[in-house]
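Residues per chain, in single letters:
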Amino acid sequence: MSSSNTTLLVGGRVHTPSSPDATAMAVTDGTVVWVGQDRPGRALHPDAEVIDLDGAFVAPAFVDAHVHATNTGLHLTGLDLTGVRDAGELLAAVRAAATPGEVLLAHGWDETCWTSPRLPSRAELDDAAGGVPVYLSRVDVHSALVSSALLDLIPDAVRAEGYSPDGPLTRAAHHATRRAAYAAITPEQRERAQRAFLRAAAAAGVVSVHECAGPDICGEDDLRALLRLAAEPGQVEVVPYWGALADESSLDLARELGLRGLGGDLFVDGALGSHTAALSAPYTDRPDTTGARYLDARTIADHVVACTEAGVQAGFHVIGDAAVTEVVEAFRLAEQAVGHRALASAGHRLDHVEMVTQEQATALARWNVTASVQPAFDALWGGADGMYATRLGADRAAGLNPFSMLAAEGVSLALGSDAPVTPLDPWSGVRAAVHHRTPGSGISARAAFNAHTRGGHRAAGVNDGVTGSLVPGAPAHYAVWDADELVVATPDSRVQRWSTDPRSRVPGLPPLDPGAALPTCVRTVRAGTVIHEAGATDGSGAASAAPTRA
Ligand SMILES: [Zn+2]
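Draft legend 1. A look at the environment of Thr299. One can find Thr299 in helix H10 (residues 297–310). Once the C-alpha coordinates of Thr299 and Leu245 are considered, the two residues, 54 residues apart in sequence, prove to be 8.6 Å apart.

Draft legend 2. Summary view of the sheet that holds strand E4 (residues 31–36). Reading across the sheet, the four strands line up as E4-E3-E1-E5 and stay open at both edges, with mixed pairing between neighbours. Every interior strand has two partners, whereas the edge strands, E4 and strand E5 (49–52), have only one. Strand-to-strand twist in this sheet, taken as the mean axis angle between neighbours without regard to direction, amounts to 20 degrees. Examined bridge by bridge, strand E1 (residues 6–10) and strand E3 (residues 24–28) share four bridges and lie antiparallel to one another. Paired with Thr6 across the two strands is Thr28, which belongs to E3.

Draft legend 3. Expanded view of the coordination of the zinc ion. For the zinc ion, every protein donor is listed as His66 (NE2), His68 (NE2), Asp265 (OD) and Asp418 (OD), and the spread of their distances is 2.1 to 2.5 Å. With four donor atoms in place around the zinc ion and angles of 81 to 167 degrees between them, the coordination shape is irregular. One chain supplies every donor for the zinc ion, spaced along it as H-x1-H-x196-D-x152-D. Highlighted residues: His68 in the loop between strand E7 (62–67) and helix H2 (69–77) and Asp418 in the loop between strand E19 (413–415) and helix H17 (426–434), separated in sequence by 350 residues.

Draft legend 4. The arrangement of empty space enclosed by the protein in detail. Scanning all chains against the criterion turns up one cavity of 30 Å³ or more. There is about 40 Å³ of room inside the largest cavity. Pro120, Ser121, Arg122, Leu125, Leu145, Val146, Asp166 and Gly167 are the residues that line the largest cavity. Listed by contribution, the elements that provide at least two residues to the lining of the largest cavity are helix H4 (122–129) and strand E11 (143–146). The class makeup of the residues in the lining of the largest cavity is four nonpolar, two polar and two charged.

Draft legend 5. Seen up close, the nonpolar core. In terms of nonpolar packing, the biggest core is built from 88 residues, with Leu350, Trp427 and Trp481 touching the most fellow members. Looking at this core element by element, the count peaks at eight residues for helix H11 (residues 321–338). Excluding anything up to four places from it in sequence, Trp481 contacts Ala56, Phe57, Ala59, Phe62, Ala204, Gly205, Trp427, Pro519, Thr520, Cys521 and Val522. Counting residues in each nonpolar core, the second largest holds 20 residues, with Leu79, Leu104, Ala106 and Ala128 among its members.

Draft legend 6. Structural detail: the packing of aromatic side chains. The full count for this structure, using the stated rule, is 10 aromatic pairs. Seen from their ring centres, Trp427 and Phe449 are 5.5 Å apart, and the 20 degrees between their planes marks the pair as stacked. With Trp427 in helix H17 and Phe449 in helix H18 (residues 445–452), this pair connects stretches of sequence that are 22 residues apart. Ring plane angle 75 degrees and centroid distance 5.5 Å describe the contact between Trp427 and Trp481, whose orientation is recorded as edge-to-face. Separated by 54 residues along the polypeptide, Trp427 in helix H17 and Trp481 in strand E20 (residues 478–482) bring together distant segments of the chain. Using a relative accessible area of 2% as the deciding quantity, one classes Trp427 as buried.

Draft legend 7. Structural context of the confidence of the model for the protein. The predicted model of the protein has a mean per-residue pLDDT of 92, with 94% of residues at 70 or higher. In the model, residues 491–503 has pLDDT below 50 throughout and makes 24 contacts with residues more than four positions away in sequence or in other chains. In this model, residues 538–547 is a region of pLDDT below 50 whose contacts with residues beyond four sequence positions or in other chains number 20 contacts.

Draft legend 8. Region of interest: the packing of H11 against helix H13 (residues 358–366). Viewed as axis vectors pointing N to C, H11 and H13 meet at an angle of 35 degrees, and their least axial separation amounts to 11 Å. Between H11 and H13 lies a crossing whose hand is left-handed. On H13, the residues touching Val324, Thr325, Val328 and Glu335 of H11 are Gln360, Leu364 and Arg366.

Draft legend 9. Looking closely at the sheet that holds strand E9 (residues 104–109). Judged by pairing direction, the sheet is mixed, and its five strands sit side by side in the order E8-E9-E10-E11-E12 without closing on themselves. Two strands close off the open sheet at either side, each with one partner strand: strand E8 (79–80) and strand E12 (169–170). When E8 meets E9, the two strands line up parallel, connected through two bridges. Residue pairing across strands places Asp80 opposite His107, the latter belonging to E9.

Draft legend 10. Quick peek at the pattern of salt bridges. Using the criterion set out here, one finds 21 salt bridges in the structure. A salt bridge links Arg298 to Asp302; the nearest nitrogen and oxygen atoms lie 3.4 Å apart. Taken as a pair, Arg298 and Asp302 lie in helix H10 at a separation of four residues, close to a single helical turn. Where Arg349 meets Asp351, a salt bridge forms, and the shortest distance between an N and an O atom there is 3.0 Å. A cluster of three or more residues bridged by salt bridges with shared partners is formed by Asp110, Glu111 and Arg138.

Draft legend 11. A look at helix H6 (residues 171–183). The end-to-end C-alpha distance of H6 is 18 Å, a good match for the 18 Å that 13 residues give at a rise of 1.5 Å each. Those residues of H6 not exposed but buried are Ala173, His174, Ala176, Thr177, Ala180 and Ala181. Down the axis of H6, the smallest arc covering the buried residues is 165 degrees, so these residues share one side. Along H6, the residues that are exposed and aim more than 90 degrees away from the buried face are Arg171, Arg179 and Ala183. On its buried side, H6 packs onto E9, strand E10 (134–138), E11, helix H5 (148–151) and E12.

Draft legend 12. Looking closely at unusual backbone geometry. Note the cis peptide between Ala419 and Pro420, where omega equals 15 degrees. Within the secondary structure layout, Pro420 lies in the loop between E19 and H17. Residue Asp54 is not a glycine yet carries a positive backbone phi of 55 degrees. Overall, Asp54 belongs to the exposed group, its relative accessible area being 71%. Phi angles above zero are rare outside glycine, and Arg171 is one such case at about 50 degrees. Within the secondary structure layout, Arg171 lies in helix H6.

Draft legend 13. Region of interest: the state of the cysteines. Taken as a whole and assessed by the stated rule, the structure comprises zero disulfides. Cys212 provides the cysteine sulfur closest to Cys307, a residue in no disulfide bond, and the two sulfurs are 14 Å apart. By relative accessible area, which is 0% here, Cys307 ends up buried.

Procedures and definitions
- Residues numbered from 1 in each chain as written.
- Predicted model: local features only at pLDDT ≥ 70, side-chain atom pairs only at ≥ 80, totals over all residues.
- Heavy atoms only, no water.
- Helix = DSSP H or I, 4+ residues; strand = E, 2+ residues; numbered from the N terminus.
- Pairing = 2+ DSSP bridges.
- Axes fitted to C-alpha atoms, helices over the stretch in contact; angles between N-to-C directions.
- Donors = N, O, S within 2.8 Å, 3.2 Å for Na, K, Ca; no water.
- Tetrahedral: all angles 85-135°; square planar, octahedral: opposite > 155°, others 65-115°.
- 1 Å grid on protein atoms, 1.4 Å probe; cavity = no way out; pocket = protein on both sides within 12 Å on 5 of 7 lines; lining within 4 Å.
- Points joined across faces, edges and corners; volume = space filled by probe spheres on them.
- Nonpolar A, V, L, I, M, F, W, Y, C, P; charged D, E, K, R; others polar.
- Core = buried A, V, L, I, M, F, W, Y, C linked by side-chain atoms within 4.5 Å.
- Buried < 20%, exposed > 50% of the residue type's maximum accessible area, 1.4 Å probe, protein only.
- Contact = heavy atoms within 4.5 Å.
- Phe/Tyr/Trp six-rings, centres within 6.5 Å; stacked < 30°, edge-to-face > 60°.
- pLDDT = per-residue confidence, 0-100.
- Left-handed = near helix turned anticlockwise from the far one by under 90°.
- Salt bridge = Lys/Arg side-chain N within 4 Å of Asp/Glu carboxyl O.
- Expected span 1.5 Å × (residues − 1).
- Arc of directions from axis to C-beta.
- Disulfide = S-S within 2.5 Å.

This is the structure we're talking about:
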């Protein structure tokens, strides 16, 4: 560390609205104090510690507005079965990974890709596991192979729907064993998983995550443990959400833990993949069901009112059109109760909000409700032959995740991964938002990038007008990227009327065309503190070492 507390980055390409040709940026005490060209930068900051960026791209670090830390970390640290090609390889992998005293969780087997589709018997799995409780989820996460030692923890599972004495478990039996497997995780396993998650986030250029915790997801102990880790210096910021309705105990918890909101995964409905998102008309591939709705408008409105009055953000997991309709009606009721001004000032949010009409978007914008959306869902499941089209038919599916419409109606967007549902990979999220599977529903690269940076801070209630931009006065949250030549592109015809003209001097972004190599993260910095440095050799990034300033 130099005697000066100012760091001057030079020789880079700095993404800042104040100067599209900026190559230099000065940071003092964790705050951006100046952005411009190298020569004036050196003249103005003669005592600064100078870091030459050698042409790297410097941009606001990402915010991932919807994650599940422990679960993602378990995927990152656990056994990956996506590469096994027959029962023998699966058993060998389990034998090698099983550790006495710890439950073994692994994921990703897909017998349809195996050289022989025969699954291992429970006796074979027990033999390989050596008495360890084992939970091996299939690639689609809707069934699992389990060992007898795991079943011993839940005697009722044998009577549950979907139980099989020898094959994979599905439905209720699967859900019961999954709960038991996660409940059996030791505190050490959990800490390893959470640390792995935080490291992976920092390594992906993410400076802040919105952890969507809740009583039905990972429980209070899990969230407390995560917040303790996140309080260590040099970590990614964890903005905690708790998916529970407002009552005395949840509001107490909000105050005690500094929860940003009672929301995130507060479920109004389920998900399209499992036919549990609430629809106004039946599923195309399951005409016997319209899904599941867990909360009605009155209950949702009471929650919004209680949160508004308590100064806590309210939010909901909402996907299907029937669920969105219920939520919009609830906000109308809440507006009648607290008035437009109080409701809009509270800045509530909706997560996923996949099936929303233009009229509903207008109303949500008027109530200043942010949409926390996951573009990777569309990349995975959108398009004419994707899962959405199978569930809903091509017509209904084409209306899903209408990012350009939401933006045009004035709804603020925040992008997220819902990790571990999709990977922690913000540039892929930006690319998916631009190259939407439904023509016309994508947004410009600039709008998508802003929604994954500034938009995330805004969704968490940071409305100072600078956080998430590299402008003087902003916290120095940035990432340094190895990136191709920058471009200013508006590939989607419908967004051109409101996105920036390429001829104007706006800051460029790396190319995001399908197939283009995405930027790789060199360094991630939170308020001037390095939280990730590529190639750090202790195997933990910069996170566990003494943080350095940059
Ligand atoms: Zn979630």
